[in-house]
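Survey of secondary and tertiary structure
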Number of protein chains: 2
Amino acid sequence: RAEVVRTRMIPYQWEALNDRVPGAAPSYAVENLRIAVGEKSGKHRGFIFQDSDLYKWLEAVGYSLATHPDAELERTADELIDLLARVQQPDGYLNSYYTIMEPDKRWTNLRDNHELYCAGHLIEAAVAYYEGTGKRTLLDIACRFVDHIASVFGPEPTQKKGYPGHQEIELALVRLYRITQDPKHLELAEFFIDERGKTPHYFQLEAEKRGETHPYWYKWGFEYSQSHLPVREQDTAVGHAVRAMYMYCAMVDIARETNDQELFQVCKRLWDNVVTKRMYITGGLGSQEFGEGFSTDYDLPNDTAYTETCAAVGLVFWAHRMLQVEPDRQYADIMERALYNGVLSGMSLSGDKFFYVNPLQVWSHLTERRHDHHHVRPSRQDWFGCACCPPNIARLLTSIGQYGYSVGEDSLYVHLFIESTLNVKLQGVKVKISQTTKYPFDGKVTFTVEPEKAQHFNLFIRIPSWCQNPQVSVAGKSLEKLDAVQGYIQLSRTWHPGDQVELVLSMSIERVRANPLVRENMGKVALQRGPLVYCLEEEDCGPNLPAVFLPREAELTVEDDPVLKMPVIVGEGLRQENNTDRLYFTDIPKKVPVPIKAVPYFAWNNRRPGEMLVWINEKE
Amino acid sequence: RAEVVRTRMIPYQWEALNDRVPGAAPSYAVENLRIAVGEKSGKHRGFIFQDSDLYKWLEAVGYSLATHPDAELERTADELIDLLARVQQPDGYLNSYYTIMEPDKRWTNLRDNHELYCAGHLIEAAVAYYEGTGKRTLLDIACRFVDHIASVFGPEPTQKKGYPGHQEIELALVRLYRITQDPKHLELAEFFIDERGKTPHYFQLEAEKRGETHPYWYKWGFEYSQSHLPVREQDTAVGHAVRAMYMYCAMVDIARETNDQELFQVCKRLWDNVVTKRMYITGGLGSQEFGEGFSTDYDLPNDTAYTETCAAVGLVFWAHRMLQVEPDRQYADIMERALYNGVLSGMSLSGDKFFYVNPLQVWSHLTERRHDHHHVRPSRQDWFGCACCPPNIARLLTSIGQYGYSVGEDSLYVHLFIESTLNVKLQGVKVKISQTTKYPFDGKVTFTVEPEKAQHFNLFIRIPSWCQNPQVSVAGKSLEKLDAVQGYIQLSRTWHPGDQVELVLSMSIERVRANPLVRENMGKVALQRGPLVYCLEEEDCGPNLPAVFLPREAELTVEDDPVLKMPVIVGEGLRQENNTDRLYFTDIPKKVPVPIKAVPYFAWNNRRPGEMLVWINEKE
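Residues numbered from 1 in each chain as written. Chains lettered and ligands numbered in written order. Predicted model: local features only at pLDDT ≥ 70, side-chain atom pairs only at ≥ 80, totals over all residues. Heavy atoms only, no water.

Here we come to the environment of Asp561 of chain A. Residues and elements named next belong to chain A. For Asp561, the position within the fold is in strand β17 (residues 556-561). Asp561 sits 145 residues away from Leu416 along the chain, and the two C-alpha atoms are 25 Å apart. Apart from residues no more than four positions distant in its own chain, Asp561 is found in contact with Met566, Val568 and Lys597. From its side chain, Asp561 meets the backbone nitrogen of Val563 in a polar contact 2.9 Å long. A distance of 2.6 Å separates a polar atom in the side chain of Asp561 from the backbone nitrogen of Leu564. (Helix = DSSP H or I, 4+ residues; strand = E, 2+ residues; numbered from the N terminus. Contact = heavy atoms within 4.5 Å. Polar contact = N/O pair within 3.5 Å; in protein donor to acceptor, adjacent residues only side chain to side chain.)

Below, the structure written as structure tokens:
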């Protein structure tokens with residue numbers, strides 16, 4: 001998938017951002033910059049946050065160049081960066097919408113207008129591009145903009161006490177701080193986090209200044225942007241799911257940098273709420289289209305789910321950050337769940353079609369006829385007017401190596417099983433570690449450890465919670481007893497060049513059930529194998545998938561699918577016969593045996609479009 | 001229920017229409033009339049169709065006075081009628097909104113502004129009040145208005161070719177014609193029906209004349225008002241469900257009056273579509289809030305259902321009309337289903353609280369947190385800003401006798417089993433027929449036939465399709481073989497004063513299943529006994545009703561409920577244990593025996609508010 005992103009998705013997205021994909025929704029993102037510098041005339045088009053799509057693309061390019069140098073791609077990126085340098089105003093301000101359309105209205109509507117959000121993505125791109133190429137141009141642009149922002153916002157009486165309507169800059173500022181070590185960068189992030197939700201409410205004051213008289217559109221008011229309460233008083237995940245994820249990320253980052261235990265406890269409280277009450281089995285977040293957000297505990301409808309790709313990406317970001325503070329597999333398990341299911345489902349196998357929303361049940365014929373399904377698309381799209389998701393997948397997958405490992409002074413943690421090579425220093429000694437695996441399709445993982453000289457250090461390897469019988473052998477010797485710390489087996493030894501660790505994570509087919517308070521899933525099971533959630537597709541099982549029942553005793557086996565080129569689950573199920581024209585009747589309906597086949601959720605809709613179903617009716 | 005309407009609901013609604021119910025949404029309906037005649041100053045308030053609430057109330061009063069003379073109520077009604085006479089303009093026009101607000105804009109927006117709809121309700125009120133009291137004042141007002149309408153609309157080149165955005169006047173004009181025998185009244189109804197859906201589209205031309213440039217708000221365009229096609233070309237029920245019902249009623253009426261077989265075939269086609277693919281088991285219609293209407297075949301979600309009370313009332317109207325053309329129990333069965341379930345659920349047992357929407361599953365804690373449930377109220381309301389439903393129940397139940405019987409030259413059809421006395425003439429002989437019954441709670445019905453002298457005629461009595469073993473005895477003699485014609489047993493004999501017919505309709509508890517294409521109901525059963533659909537309530541079965549399973553073999557019995565004072569269904573079910581904090585798990589959940597109790601759907605939410613569920617998970 002990462003390779004598809006590098007070879008197909010990054011070039012494709014560049015075409016999309018330049019409005020050169022026939023039939024796709026236009027982006028206007030590059031065009032807006034050209035208008036801003038006067039090379040073209042016209043108005044800003046697209047969303048007010050259109051710049052951020054460019055930044056996320058640049059961020060992905062930065063990651064990609066770090067591992068796969070590409071002179072032509074780098075030249076393209078440098079040209080875009082030069083253009084951005086010219087869009088930047090003398091005082092450091094940078095935003096194509098305001099520069100073109102309302103230069104005198106800067107910072108007058110933080111609630112809705114995404115200036116700080118775009119700035120955040122600029123910063124993240126700058127950090128990634130600097131780390132990937134060593135070039136400072138974009139980093140300098142970002143720092144100048146941050147200097148400007150830090151002059152406008154802050155605790156001084158002359159400064160605005162605002163914070164972004166869509167969180168993002170907070171986490172970006174911490175990333176910037178980690179490069180610059182400039183305390184101002186960290187302080188600004190803390191300021192934004194701590195101002196949030198104070199009363200009198202900044203967004204309210206700001207709205208009054210604008211002369212707004214109508215109430216805020218969103219039914220639950222400031223919950224939408226998690227500004228209903230000071231963040232330290234929050235204990236339930238509410239509102240827009242992506243905003244929530246980005247905010248929680250920043251909270252962990254700040255807690256970590258400032259050793260703020262109180263703030264980290266808030267993060268843990270919110271984490272528990274999300275993963276035990278408000279998360280789909282795919283790691284998808286956001287139960288409803290309205291507000292693109294959370295609704296209430298255990299409310300996880302499958303067909304009208306919003307489950308925006310960006311929210312699953314955000315959950316990966318958050319889990320990864322929690323893991324850096326507490327190496328505990330509960331975070332890595334969720335990170336992996338979101339990654340392999342809710343995130344990957346957002347892109348086609350070919351890398352050039354995208355889902356914005358990822359429900360767990362798609363009734364393709366309804367998307368046109370039921371208004372409460374109108375956000376659901378029966379097939380992945382070429383591009384979106386609001387194209388936040390595709391570049392989010394791109395930046396995550398191009399930097400996926402950062403999520404696989406954590407490196408300490410004398411310890412290396414392996415969180416994800418991905419074929420990869422890692423070069424690190426442990427106890428001052430260079431160590432190269434290679435992973436060879438077909439995971440997640442197969443549970444065998446081989447690590448080859450190559451320190452430049454024999455060296456003692458701790459290798460912690462996650463045993464995923466779905467795995468009942470892990471087997472580990474080190475240097476050819478099978479371990480009898482697995483000594484696990486928070487779900488990680490600890491291998492503490494002196495490592496010699498060429499030492500191998502063999503890990504076999506048995507991947508049985510699991511029937512997963514949901515908490516009985518998830519009403520929609522009562523009497524249903526989802527199939528999971530390893531970290532992959534499976535689903536039924538009309539292509540394999542015919543239409544009307546809710547009529548397919550999985551007997552509790554049915555034997556399920558794994559086989560390779562020649563078209564999808566990955567393991568699928570097959571077995572014999574039952575299908576309720578449909579031999580009546582009557583709408584209601586009292587006869588007992590017959591169920592007849594039918595072959596069933598389940599494919600990985602992330603791979604659905606890569607053949608003919610049709611129905612899809614994750615939670616299957618169970619026959620006891 | 002009819003008695004509650006007469007004694008409680010009619011007086012209560014008069015208070016509501018006069019804005020005298022503390023805490024209830026104001027109506028402004030009477031106030032608007034006072035403003036229109038200059039007795040008060042101010043603007044028209046409430047919906048543009050607010051007058052129609054008054055008309056529907058007057059119609060109900062007309063029916064009520066026919067069977068229960070009430071001098072005070074009649075005086076109140078007469079005063080309102082006098083006020084309406086003064087609101088009527090010299091040219092016959094009558095509409096408080098246009099008279100107060102836009103007197104020069106009459107008939108410029110038929111699509112949205114309900115002038116013809118209100119006129120229709122005025123006509124229906126006039127007919128009912130004339131029939132109930134013999135007084136012509138309101139009838140004359142209506143006829144003058146119709147004269148005016150007939151001058152504005154019609155086939156002549158100078159006349160408008162429009163038709164109502166909300167159907168209603170068409171069926172009203174046929175009712176008026178049956179009183180007046182004025183062919184102009186029938187012709188105008190035919191004109192409205194036959195113009196509908198022609199191209200170029202009248203609503204489009206009209207919108208252009210108004211200078212409207214934006215497209216019509218409704219996603220599926222003219223389907224909303226069933227004007228997407230000429231009515232004779234329609235074969236699926238689409239759009240706003242109440243509009244559809246009123247139109248289908250008029251189509252049957254016109255087909256009957258003009259012996260138009262083609263038009264009746266269209267009605268039968270639409271009937272089949274509705275009752276075999278688009279109707280809830282309660283007789284509720286309208287699968288979605290958006291457009292308050294139909295979506296597509298077999299799309300019958302239980303929780304987000306719109307199922308407006310008015311639509312179920314409309315289905316009763318339509319079924320009743322189909323029955324007058326073809327005495328076939330398929331129509332009466334549906335009429336009864338809608339009446340005892342989808343209609344009666346719209347009012348509280350006390351008669352002064354109302355549901356506008358009637359879903360089949362209410363998750364009370366979701367109505368506030370899920371936007372796609374925001375139309376669902378956890379409890380019946382005192383009144384509504386748009387208060388179409390309460391007066392619709394009132395006018396149906398006050399005239400329920402008209403739905404119970406059909407009378408021919410030498411035949412009497414009994415469609416409904418309701419304690420009642422009927423006085424008719426058959427073959428020129430006065431016949432009094434009394435029904436004694438506790439139906440629908442008990443299946444025993446006794447008819448006492450009292451012709452003024454011995455007379456031969458046919459008595460047709462419906463055997464509901466849910467009844468497997470009907471027993472009939474005539475004058476004490478049990479019938480061995482029941483000779484049924486289209487579901488009606490035919491008793492052809494010479495009737496003597498005092499002859500009794502005893503009917504016993506065995507009411508077993510039925511587990512009803514839905515067509516497997518109704519995805520939400522897969523693996524579920526609904527309980528029905530006689531014509532009553534039952535449901536579970538949190539009050540009896542605790543919260544999280546989807547965790548309750550009904551074993552296929554569970555024995556269910558009927559007992560009287562001391563609070564609801566009606567038969568309820570009790571038995572032993574199973575409840576899936578909830579002993580985990582985990583959101584997803586692989587253990588097989590336990591089910592433990594629990595007593596279950598189901599109450600008639602129409603009677604739900606008359607105790608403490610809470611969850612409700614019609615379709616129960618079945619354990620095979």
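A few words on the interface of chain A and chain B. Contact residues are listed per partner, giving 66 residues for chain A and 66 residues for chain B. Here chain A packs against chain B, burying approximately 5700 Å² in sum over the two surfaces, 54% of which is carbon and sulfur. Across the chain A-chain B interface, the total number found is 10 salt bridges. Measuring nitrogen to oxygen at the nearest pair gives 3.7 Å for the salt bridge that ties Lys619 of chain B to Glu620 of chain A. Looking at the side of chain A that touches chain B element by element, the count peaks at five residues for strand β13 (residues 509-514) of chain A. Per-class residue counts for the side of chain A that touches chain B are 26 nonpolar, 17 polar and 23 charged. Judged from the two bridges that link them, β13 of chain A and strand β19 (residues 584-585) of chain B form a sheet pairing that is antiparallel. Each residue of the ladder has a partner; that of Arg513 of chain A, found in β19 of chain B, is Phe585 of chain B. (Buried area = accessible area lost by both parts, 1.4 Å probe. Salt bridge = Lys/Arg side-chain N within 4 Å of Asp/Glu carboxyl O. Nonpolar A, V, L, I, M, F, W, Y, C, P; charged D, E, K, R; others polar. Pairing = 2+ DSSP bridges.)

With that settled, consider the environment of Ala126 of chain A. All names here are of chain A. Among the secondary structure elements, Ala126 is positioned in helix α6 (residues 115-133). Sequence-wise, Ala126 and Ile461 are 335 residues apart; in three dimensions their C-alpha atoms are separated by 32 Å. Sequence-distant contacts of Ala126, defined by excluding residues within four places in its chain, comprise Leu138, Leu139 and Ala142.

What follows covers the sheet that holds strand β9 (residues 477-478) of chain A. Residue and element names in this part refer to chain A. An order of β4-β5-β6-β12-β8-β9 is seen for the six strands of this open sheet, with the pairing classed as antiparallel. Edge strands, defined here as strands with exactly one partner in the open sheet, are β4 (420-426) and β9. Pairing analysis gives seven bridges linking strand β5 (residues 429-437) to strand β6 (residues 444-451), with the strands arranged antiparallel. In the sheet register, Val431 faces β6, and the bridge partner there is Pro451.

Now for the relation of the copies chain A and chain B. At an RMSD of 0.0 Å, chain A and chain B line up after a rotation of 180° and a shift of 0.0 Å along the axis. Interpreted geometrically, this transformation is the action of a two-fold axis. When each C-alpha of chain A is compared by its distance to the rotation axis, Asp372 of chain A comes out closest, at 3.4 Å. Same-surface contact between copies: 100% of interface residues of chain A are shared with the interface of chain B. (Least-squares fit on C-alpha atoms with pLDDT ≥ 70 in both.)

With that settled, consider the pattern of salt bridges. Residues and elements named next belong to chain B. The tally for this structure, following the rule as stated, stands at 100 salt bridges over all chains. A salt bridge links Arg8 to Asp352, with the shortest nitrogen-to-oxygen separation between them at 3.1 Å. On the criterion of sequence distance, the pair formed by Arg8 in helix α1 (residues 2-17) and Asp352 in the loop between α14 (329-343) and β1 (361-362) is long-range, its members being 344 residues apart. A residue is classified by how much of its surface remains accessible, and Asp352, at 17% relative accessible area, is buried. One salt bridge connects Arg607 with Asp540, and the closest N-O pair in it is separated by 2.7 Å. (Buried < 20%, exposed > 50% of the residue type's maximum accessible area, 1.4 Å probe, protein only.)

Turning our eyes to something else, we now look at the sheet that holds strand β7 (residues 455-462) of chain A. Whether parallel or antiparallel, the strands of a sheet pair through hydrogen bonds between backbone atoms. Residues and elements named next belong to chain A. Taken in spatial order, the five strands line up as β2-β3-β7-β11-β10 in an open sheet, and their pairing is mixed. Lying at the two open borders of the sheet, with one neighbouring strand each, are β2 (405-407) and β10 (484-485). On the sheet, helix α14 (residues 329-343) packs against β7 and β11 (488-495) and is oriented at approximately 55° with respect to β7. (Axes fitted to C-alpha atoms, helices over the stretch in contact; angles between N-to-C directions.)

Going through the model one piece at a time under the given rule, you end up with zero disulfides over all chains. Distance from the sulfur of Cys310 of chain A, which forms no disulfide, to the nearest cysteine sulfur (Cys389 of chain A) is 3.5 Å. (Disulfide = S-S within 2.5 Å.)

Residues and elements named next belong to chain B. If you trace the backbone, Gln361 turns up in strand β1. For Gln361, a relative accessible area of 8% gives the class buried. Each residue touching Gln361, except ones within four places of it in the same chain, is listed here: Asn302, Asp303, Pro546, Met612 and Leu613.

Turning our eyes to something else, we now look at the pairing of β13 of chain A. Of all six residues making up β13 of chain A, six are buried, and the element is well covered by its neighbours. The alternating pattern of β13 of chain A places Ile509, Arg511 and Arg513 of chain A on one face and Glu510, Val512 and Ala514 of chain A on the opposite face, and all of these are buried.

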